[in-house]
Amino acid sequence: MSESILVEGTTREEKYASLLPQIRALVEGENDLIANLANIIGAIKEGMDFLWVGCYFVKGNELVLGPFQGPVACTRIGFGKGVCGACWQRAETIIVKNVDEFPGHIACSTESKSEITIPVFKNGKVFMVLDTDSRSLADFGETDRNFFQEIALIIESLPG
Ligand code: SME
């Protein structure tokens with residue numbers, strides 16, 4: 001495998017287009033889910049320099065912190081709580097332009113200004129929430145939704 005992630009392009013769309021095949025190559029031939037998630041998250045963090053990129057697993061009636069990169073985060077989030085819990089409950093992508101305006105937002109870092117959460121499905125149910133935080137307000141839109149939903153499909157296709 002390659003030694004590091006090299007993201008080409010100037011627009012975010014171009015950067016994502018350059019990142020996606022590298023992420024697909026990273027997970028090819030590896031069947032351990034945690035190892036693959038750790039590398040996918042590392043590649044996005046390194047390639048895009050967001051504040052925080054990580055995942056929470058559905059465990060019982062809570063989300064529990066999984067692989068991530070960025071500041072330390074809260075370990076458990078209840079069903080429907082915060083942006084991640086709402087993503088799990090609604091089973092849909094949530095884009096938050098200003099975290100201070102999202103009722104019940106859970107602030108893990110004061111540096112986080114906007115956020116995108118994506119549900120990842122297994123057997124028709126949410127089994128994981130992919131969460132990304134930005135240092136800038138209104139940093140996420142349709143380009144990011146498309147990219148992260150593509151990442152969710154990659155994760156859904158992984159063994160383990
Ligand atoms: N802000 C999230 C909590 C997780 S951290 O951002 C890493 C939420 O409201 O669910």
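Shown above is the structure to which this text applies.
Residues numbered from 1 in each chain as written. Predicted model: local features only at pLDDT ≥ 70, side-chain atom pairs only at ≥ 80, totals over all residues. Heavy atoms only, no water.

Trainee: Help me out: how do you make sense of the pattern of salt bridges in this one?
Mentor: Oppositely charged side chains can pair when the atoms bearing their charge come close. The final tally for this structure, using the stated rule, is seven salt bridges. Here Glu 150 makes a salt bridge to Arg 24, at a shortest N to O gap of 3.2 Å. A residue pair is termed long-range when its members are at least 10 positions apart, and Glu 150 in helix H4 (residues 142-156) and Arg 24 in helix H1 (residues 12-27) qualify at 126 residues. Owing to a relative accessible area of 38%, Arg 24 belongs among the partly exposed residues under this scheme. (Salt bridge = Lys/Arg side-chain N within 4 Å of Asp/Glu carboxyl O. Helix = DSSP H or I, 4+ residues; strand = E, 2+ residues; numbered from the N terminus. Buried < 20%, exposed > 50% of the residue type's maximum accessible area, 1.4 Å probe, protein only.)

Trainee: Where do I start with the pairing of strand S5 (residues 114-122) in this structure?
Mentor: Each regular strand carries side chains that alternate between the two faces of the sheet. Most of S5 is tucked away: seven of the nine residues are buried. Here strand S4 (residues 94-96) pairs with S5 via three bridges, running antiparallel. For Val 96, the partnering residue across the bridge sits in S5 and is Glu 115. By the bridge criterion, nine bridges tie S5 to strand S6 (residues 125-134) in an arrangement that is antiparallel. Directly across from Pro 119, in S6, lies its bridge partner Val 129. With antiparallel pairing between neighbouring strands as the criterion, S5 and S6 make up a hairpin whose turn holds two residues, including Asn 123 at a positive phi of roughly 50 degrees. (Pairing = 2+ DSSP bridges.)

Trainee: Before we go on, may I ask you to explain the site of the ligand in this structure?
Mentor: In the vicinity of the ligand there are 13 residues, among which Val 83, Cys 84, Ile 106, Glu 115 and Asp 133 approach most closely. At 2.7 Å from a nitrogen atom of the ligand is found a main-chain nitrogen or oxygen belonging to Ile 106. The fraction of the free accessible surface of the ligand (300 Å²) that becomes covered by protein chains is 99%. Mapped onto the shell around the ligand, the elements with two or more residues apiece are strand S1 (52-59), helix H3 (82-90) and S6. Residue contributions to the shell around the ligand peak at three residues, all from H3. (Near = heavy atom within 4 Å. Polar contact = N/O pair within 3.5 Å; in protein donor to acceptor, adjacent residues only side chain to side chain. Areas by Shrake-Rupley, 256 points an atom, 1.4 Å probe, with all protein chains shown as cover.)

Trainee: Explanation requested: the pairing of S1 in the structure shown.
Mentor: Among the eight residues of S1, six are classified as buried, and the element is accordingly described as predominantly covered. Sheet topology places S1 next to strand S2 (residues 62-69); six bridges connect them, and they run antiparallel. In the strand pairing of S2, Gly 54 is matched with Phe 68. Counted along the chain from S1 to the antiparallel partner S2, the turn is two residues long, and its residue Gly 60 has a positive phi close to 65 degrees.

Trainee: Mind showing me how you'd approach the packing of aromatic side chains here?
Mentor: Given two aromatic rings, one states the distance between the centres and the angle between the planes to describe the pair. This structure, assessed with the given rule, holds nine aromatic pairs. Centroid distance Tyr 16 to Phe 148: 6.3 Å. Interplanar angle 75 degrees. Geometry classified as edge-to-face. Pair noted here: Tyr 16 is in helix H1 and Phe 148 is in helix H4, with a separation of 132 residues, a long-range link. As far as burial versus exposure is concerned, Tyr 16 and Phe 148 are alike and both buried. (Phe/Tyr/Trp six-rings, centres within 6.5 Å; stacked < 30°, edge-to-face > 60°.)

Trainee: Looking at this structure, I do not really get unusual backbone geometry. What am I missing?
Mentor: A negative phi angle characterises most non-glycine residues, just as the trans form characterises most peptide bonds. Unlike most non-glycine residues, Asp 49 shows phi in positive territory, near 55 degrees. Positionally, Asp 49 belongs in the loop between helix H2 (33-48) and S1. Although it is not a glycine, Ala 138 adopts a positive phi angle of roughly 50 degrees. Note that Ala 138 resides in the loop between S6 and H4. The exposure class assigned to Ala 138 is partly exposed, which follows from its relative accessible area of 46%.

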